[in-house]
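Residue-level structural notes
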Amino acid sequence: MDRGALLAASVTVFLWASAFVSIRASADYFGPGALALGRLATGSVALLCVLLVKRGGIPPRKAWPGIILSGVLWFGCYMVALNWGEQKVDAGTAAMVVNIGPMVIALLGGWLLKEGFPPLLLAGMGVSFVGAVVVGFSTSGGGSSSVLGVVLCLLAALAYGAGVVSQKPALRHATPMQVTTFGCLIGTVACLPFSGQLVSDLSTAPTSAILNVVYLGLFPTALAFSTWAYALSRTTAGRLGATTYAVPAIVILISWIALEEVPGWVTLLGGAICLGGVAVSRLRPGRASQVPPAAPPVPDDTPASSVEPTR
């Protein structure tokens, strides 16, 4: 990644990590679909305002298949499934299952987008997944897991991976702002069946929970998805997906500060392993593999006069 893409990815990872804390604070007052619709509607309004001010325009026709698919899968299905799944299983189990997403991105990106399967990327993802498993087990608290909850989190991971891969081709024809804005709008439309539940929840939710929904829409959605699309337009889906393995480590830190949840040493170890895997995935291949081929030898029939004599 260049510096611009790396900075954008860092902003995305931090804001998505903060979303876990906000979702946890709002889960008692909003249903899964209502929370997703409130978040997406807020994000859509903010993104449309920015698009109009910048005169971003309408995406070209070739970009719409990827925008529609990513909007339905990532903005819509992923958020509803994740919100619902976290009501059925503990946070550790949910995080462990959802962290299959970057592997889905790498596999689908290597297959459908012809990005290949770089060994260091696969190795880094394997290391980070081990770290995610350690974090999941350390924060599970020994609670029993609902089969439905695990299935929902798995569906969220698959929707997330497929949404990212479908978004990549759209960025070849449209700007990151266009792809993010209209993808968020499509996700909002897909979640409109939950509008009645959202109105009901808003009438009973405290102000702090409503502000959390607004925060989720403005920052982890409008801003973070925009910086993600920008970074995705400048690097491969597999490499960018690997950076999200840093999210569990940042969630630990934010929860420690905001919720006063002091993590144990095993949790900290898992977070360190996640970050180590991201570092491995960003390594460049060794110089030995980059040495240019040797020049061809001088043919035997070269005239002696054309060869410089030794001195």
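From a predicted model like this one, the values you see are computed outputs, not experimental measurements. (Residues numbered from 1 in each chain as written. Predicted model: local features only at pLDDT ≥ 70, side-chain atom pairs only at ≥ 80, totals over all residues. Heavy atoms only, no water.)

Of regular secondary structure, the protein possesses 13 helices and zero strands. When its helices and strands are written in sequence order, the protein yields α-α-α-α-α-α-α-α-α-α-α-α-α. Per-residue burial over the protein gives 46% buried out of 311 residues. Pairs at least 24 residues apart make up 90% of the contacts formed inside the protein by residues separated by at least 6 positions. Accessible area of the protein: about 15300 Å², with a carbon and sulfur share of 69%. (Helix = DSSP H or I, 4+ residues; strand = E, 2+ residues; numbered from the N terminus. Buried < 20%, exposed > 50% of the residue type's maximum accessible area, 1.4 Å probe, protein only. Contact = heavy atoms within 4.5 Å. Areas by Shrake-Rupley, 256 points an atom, 1.4 Å probe, with all protein chains shown as cover.)

The next thing to look at is the nonpolar core. Grouped together as the largest cluster of nonpolar side chains are 54 residues, with contacts concentrated most on Phe-30, Ile-67, Trp-74, Tyr-78, Tyr-160, Val-164 and Trp-228. For this core, the elements supplying multiple residues, two or more each, are α1 (3–26), α2 (32–54), α3 (64–85), α7 (147–170), α8 (176–190) and α10 (207–232). No other element matches the ten residues that α10 contributes to this core. Core analysis: the next-biggest nonpolar cluster, separate from the first, contains seven residues, Val-13, Val-21, Ala-246 and Val-251 among them. (Core = buried A, V, L, I, M, F, W, Y, C linked by side-chain atoms within 4.5 Å.)

Okay, the packing of aromatic side chains next. Using the criterion set out here, one finds eleven aromatic pairs in the structure. Ring centres of Trp-64 and Phe-182 lie 5.4 Å apart, and the angle between their planes is 70°; this geometry places the pair in the edge-to-face category. Of the two residues, Trp-64 is situated in helix α3 and Phe-182 in helix α8; the sequence distance between them amounts to 118 residues. Here Phe-182 falls in the buried class, since its relative accessible area comes to 11%. (Phe/Tyr/Trp six-rings, centres within 6.5 Å; stacked < 30°, edge-to-face > 60°.)

So, on to the packing of α2 against α3. Relative to each other, α2 and α3 sit at 135°, their axes nearing to 8 Å. Comparing the axis directions of α2 and α3 gives the class oblique. For the element pair α2 and α3, the recorded crossing hand is right-handed. Mapping the contact onto sequence places Pro-32, Gly-33, Leu-35, Ala-36, Arg-39 and Leu-40 in α2 and Phe-75, Met-79, Val-80, Asn-83 and Trp-84 in α3. Per-class residue counts for the contact of α2 with α3 are eight nonpolar, two polar and one charged. (Axes fitted to C-alpha atoms, helices over the stretch in contact; angles between N-to-C directions. Parallel < 35°, antiparallel > 145°, perpendicular 65-115°, else oblique. Left-handed = near helix turned anticlockwise from the far one by under 90°. Nonpolar A, V, L, I, M, F, W, Y, C, P; charged D, E, K, R; others polar.)

It is the contact of α2 with α8, at a shortest axis distance of 9 Å, that shows an interaxial angle of 145°. Judged by the sense of rotation from one axis to the other, the crossing of α2 with α8 is left-handed. Mapping the contact onto sequence places Leu-37, Leu-40, Ala-41, Gly-43, Ser-44, Leu-47, Leu-48, Val-50 and Leu-51 in α2 and Met-177, Gln-178, Thr-180, Thr-181, Phe-182, Cys-184, Leu-185, Gly-187 and Thr-188 in α8. Among the residues making up the contact of α2 with α8, the classes are represented as eleven nonpolar, seven polar and no charged.

What follows concerns a nonpolar patch on the surface. A cluster of nonpolar side chains, Val-151, Leu-154, Leu-155 and Leu-158, forms an exposed patch at the surface whose accessible area comes to about 320 Å². Locating Leu-158 in the fold gives a position in helix α7. Assessed through its relative accessible area of 42%, Leu-158 is described here as partly exposed. (Patch = residues over 30% accessible without salt bridge, like charges linked within 9 Å, V, L, I, M, F, W, Y side chains within 5 Å. Salt bridge = Lys/Arg side-chain N within 4 Å of Asp/Glu carboxyl O.)

This part takes up the environment of Tyr-29. Tracing the chain through its elements places Tyr-29 in the loop between α1 and α2. It is 8.9 Å that separates the C-alpha atoms of Tyr-29 and Ile-210, two residues lying 181 residues apart in sequence. If near-sequence neighbours (up to four positions away) are discounted, Tyr-29 is found in contact with Asp-201, Ala-205, Pro-206 and Ala-209.

Here the protein shows a mean pLDDT of 79. Residues at 70 or above account for 73%. Scored below 50 in pLDDT, residues 287–291 makes one contact in the model with residues more than four places away or belonging to other chains. Note on residues 300–311: pLDDT is under 50 here. Beyond four places in sequence and across chains, it has one contact. (pLDDT = per-residue confidence, 0-100.)

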